[in-house]
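If you want the building blocks of each chain, they are given just below.
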Amino acid sequence: MSEQLYQSRTFTAEHGFTEGIEGPATDEEGNLYAVNYERQHTIGRVTPNGVCSVFVELPNGSVGNGIRFNRQGDMLIADYTNHQILKVDMATRQVTVLAHEPSMSQPNDICITPDDVLFASDPNWNESTGAIWRIDPDGRVTLMESGMGTTNGIEVSPDGKTLYVNESVQRRIYRYDLTPDHELRNKTLLIDFPDFGLDGMRCDLDGNLYVTRWGKGTVVKLSPKGEIVREIELIGKLCTNLTFGGKDGKTCYVTVADRGNIETFRVETPGRCWRGAARSNF
């Protein structure tokens, strides 16, 4: 009997997380992490069989958004209230500041290159504008582009040569050539949508881009050329972000704000961010 793909189901109980649920990421043991479990300022951990708990409490009024893991296994968190990137030692759960940039509005979502360079989206929701920042492993912060629309979802292609960034309010996704020294070149429009918002994005290992459609309650799968491959219906409507995990990297986890929980569905190709993938693909 063949496995049913692209059929979303409930993974965690409704309203276990706040409506600020975001930033899903999985570790090498298959645990899933997302922000704001039970209350704001926390990082929640969900075991592979769906048991939830508070993993760490963020200090100093910090509230997380995007989460990624570096090659050393440290958790990196976009702290949008304090304009910084936090680093969590997974063994000790100690929280430190990797980078602080007061001229950021947020940051919001983050992605990571194969050599541990972060890119962060930085929306200004009140003015419907945004920017892109680069954060090097030593904490140096560089403004890559400003004057954009409300930048939100951000992702690197599996080969590390393309950066994708979307603008939520303007409903556009752009692609950039990403140079070996982490500069952005040749900005082009990948696709624009006539309705609903855009939020988090992640690639699979074939380079397809999965995008959460805020308000529509779907995840759209795009080819590297920006062609719509399929659209996956969710139970909730306000989907915020997604990641991949499971034993084979083919389980997609989606954070959903209106239900305060995580949904999941199976896919054909492992996600780029799957921690079980070869390091050359991470």
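Residues numbered from 1 in each chain as written. Predicted model: local features only at pLDDT ≥ 70, side-chain atom pairs only at ≥ 80, totals over all residues. Heavy atoms only, no water.

(A) Representation of the overall build of the chain. Check the secondary structure of the chain and you find zero helices and 24 strands. Relative to its length of 282 residues, the chain is compact, with a C-alpha radius of gyration of 17 Å against a globular reference of 19 Å. Projected onto the principal axes, the alpha-carbon positions of the chain cover approximately 50 × 45 × 40 Å. Within the chain, the proportion of its 282 residues that are buried is 59%. Once local pairs closer than 6 in sequence are excluded, the contacts in the chain between residues at least 24 apart make up 44%. Of the accessible surface of the chain, which amounts to about 11,100 Å², a share of 46% is contributed by carbon and sulfur atoms. Charge centroids of the chain, computed over 29 positive and 39 negative side chains, lie 4 Å from each other. (Helix = DSSP H or I, 4+ residues; strand = E, 2+ residues; numbered from the N terminus. Rg over C-alpha atoms; globule rule 2.2 N^0.38 Å. Buried < 20%, exposed > 50% of the residue type's maximum accessible area, 1.4 Å probe, protein only. Contact = heavy atoms within 4.5 Å. Areas by Shrake-Rupley, 256 points an atom, 1.4 Å probe, with all protein chains shown as cover. Lys, Arg positive; Asp, Glu negative; His and termini not counted. Charge placed at Lys NZ, Arg CZ, Asp CG, Glu CD.)

(B) The pattern of salt bridges, seen in detail. Using the criterion set out here, one finds 21 salt bridges in the structure. Where Arg134 meets Glu183, a salt bridge forms, and the shortest distance between an N and an O atom there is 3.3 Å. Residue Arg134 is found in strand S12 (residues 129-135), and its partner Glu183 is found in the loop between strand S16 (172-178) and strand S17 (184-192); the two are separated by 49 residues along the sequence. A salt bridge links Arg175 to Asp177, with the nearest nitrogen and oxygen atoms 3.4 Å apart. (Salt bridge = Lys/Arg side-chain N within 4 Å of Asp/Glu carboxyl O.)

(C) Expanded view of the pairing of strand S23 (residues 251-256). Burial analysis of S23 places six of its six residues in the buried class, the great majority of the element. Of the two faces of S23, the one lined by Thr251, Tyr253 and Thr255 and the one lined by Cys252, Val254 and Val256 are each fully buried. Of the strand pairs in this sheet, strand S22 (residues 239-245) and S23 are connected by six bridges, and their pairing is antiparallel. Note that in S23 the partner of Phe244 across the bridge is Cys252. Across six bridges, S23 lies against strand S24 (residues 261-266) in antiparallel orientation. (Pairing = 2+ DSSP bridges.)

(D) Broad picture of unusual backbone geometry. A cis amide bond links Gln106 with the next residue in sequence, Pro107, at an omega value of 5 degrees. Positioned with a positive phi, His182 is a non-glycine residue whose angle comes to about 70 degrees. Mapping His182 onto the fold places it in the loop between S16 and S17. Assessed through its relative accessible area of 13%, His182 is described here as buried. Even without being glycine, Phe196 reaches a positive phi, approximately 60 degrees.

(E) Representation of the packing of aromatic side chains within the structure. According to the stated counting rule, one finds six aromatic pairs in the structure shown. Measuring from centroid to centroid gives 6.5 Å for Tyr6 and Phe265, while their planes differ by 40 degrees, and the two rings are tilted. With Tyr6 in the segment before strand S1 (9-10) and Phe265 in strand S24, the pair connects residues that are 259 residues apart, well separated along the chain. Looking at Tyr6, the relative accessible area reads 9%, which means it is buried. On the accessibility criterion, Phe265 (2% relative accessible area) is buried. Between Phe17 and Tyr37 the ring centres are 5.0 Å apart and the planes differ by 65 degrees, which places this aromatic pair in the edge-to-face class. Placement of Phe17 in the loop between S1 and strand S2 (25-26) and of Tyr37 in the loop between strand S3 (32-35) and strand S4 (42-46) is noted, with a sequence separation of 20 residues between them. In terms of burial, Phe17 and Tyr37 fall into one category: buried. Its end group placed over the ring of Phe193, Arg213 keeps NZ or CZ at 4.3 Å from the ring centre. Just above the ring of Tyr6 sits the side chain of Arg230; from NZ or CZ to the centre is 4.0 Å. (Phe/Tyr/Trp six-rings, centres within 6.5 Å; stacked < 30°, edge-to-face > 60°. Lys NZ or Arg CZ within 6 Å of the ring centre and 35° of its normal.)

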